[in-house]
Amino acid sequence: MTVAIVEDHRTDLNALRKLALSDLAAVVAVVRGFEPAEAREVLKEAIPDLMDPFMGAASDSAAVLLEELYAQAGRRAPTIAPAPLLEPARVDSLARWAVTPMVDEALDSSVLSRLTGAATRMIFDSSRTTMQNGITRNPTGTQVMFQRMPRADCCAFCGMLASRPAYMAYRSESTASQVVGRGSTRTGLDADGNRLSGGVGGGIKARGTQAISENYHDDCRCLAVPILRGPAADAIQASREKFELMYQQSMTDENGNRLSRPADILAEWRRLHGTK
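Bear in mind the structure is a predicted one, so any value in this text is a computation, not a measurement.

**Digging into the packing of helix H2 (residues 36-72) against helix H3 (residues 88-98)**
Relative to each other, H2 and H3 sit at 130°, their axes nearing to 9 Å. Considering their axes alone, H2 and H3 lie oblique with respect to each other. Seen from above, H2 lies across H3 with right-handed handedness. Contacts between H2 and H3 involve Arg40, Leu43, Lys44, Ile47 and Pro48 from the first element and Val91, Asp92, Leu94, Ala95, Arg96 and Ala98 from the second.

**Focus on the packing of helix H1 (residues 4-31) against H2**
For the pair H1 and H2, the least separation of the axes is 10 Å and the interaxial angle reads 175°. As the angle between them shows, H1 and H2 are arranged roughly antiparallel. Of the residues assigned to the contact of H1 with H2, the class counts are 21 nonpolar, three polar and three charged.

**What about the environment of Tyr216?**
The residue Tyr216 is located in the loop between strand S3 (203-206) and strand S4 (223-226) in this model. Remark: the alpha-carbon pair of Tyr216 and Cys158, spanning 58 residues in sequence, is separated by 8.0 Å.

Each value, and the rule that gives it
Every chain begins its residue count from 1, and numbering advances along the sequence as written. Totals for whole chains, interfaces and linings use all residues, but because this is a predicted model, local features are given only for residues with pLDDT of at least 70 and pairs of side-chain atoms are given and counted only at 80 or more. Computation of side-chain values covers all heavy atoms of the structure but excludes hydrogens and water. Axes here refer to lines fitted to C-alpha atoms; in helices the fit is confined to the stretch in contact. Angles between the N-to-C directions go from 0 to 180 degrees. The secondary structure listing takes helices from DSSP runs of H or I that are at least 4 residues long and strands from runs of E that are at least 2 residues long, numbered from the N terminus. Should an angle fall under 35 degrees it is taken as roughly parallel, and over 145 as roughly antiparallel, whereas 65 to 115 is taken as roughly perpendicular and any remaining angle as oblique. Crossing chirality is assigned from the near helix's rotation relative to the far helix, an anticlockwise turn below a right angle marking it left-handed and a clockwise turn marking it right-handed. Contacts were defined at the residue level, with two residues in contact if any of their heavy atoms lie within 4.5 Å. Residues are grouped as follows: Ala, Val, Leu, Ile, Met, Phe, Trp, Tyr, Cys and Pro are nonpolar; Asp, Glu, Lys and Arg are charged; all remaining types, including Gly, are polar.

Remember, this is a structural readout, not a statement about activity or role.
Okay, here's the thing in structure tokens:
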């Protein structure tokens, strides 16, 4: 049994991503000559109107996949709530961060590249959240494990996380969608787009050791898929095999030294497999 239904869902999300990026490019073209503060205000208005429909569609697609997985497992799917849409605070933070290249030309990014990564994350986060919420609200109360399933050409970071077996990753009852964070989303700009002293915040960091399994970067297209009983369950678990092999290969450097630090293993992974 293949994981075709999972990959079909990823294809749907990528189609939504393509449409969203086309709309975002049109908005960025409009604000390109604006002052940063003016551009930020336009983005604050445009981002929710543009992204909410795509995020809603991604959530609906994830709900359909989850229902299929439950049907294959011979179980009745729980009531699946849609993923939440964008909150004003998140939109404000994103708009401030997106216009930073308009203030600092030394940055190796652009308004469009920042919004491209963020939009991808929004769409795929809607899928991941819907899947996780659908499981955590399972009235049977049974614990369900998830497998991280990245795209074929994923980065080394996502590949390394995907190499972890489900029991080391997230479980619905404890961490799938309820990790409490701490940190700052400080963007380095004030309300008028002027640079602030003190630098940029480190973002919201999840507490606890489970955080590494639940990290998703901008432009990340990994899926978090529950392992239920049924014909797809074994295939979902087997999807990590190639990443596990790559991990094992990366635990020894070119001089034969055994590596234990995740940062060192990640660096060796990149050297061996040519991924970012």
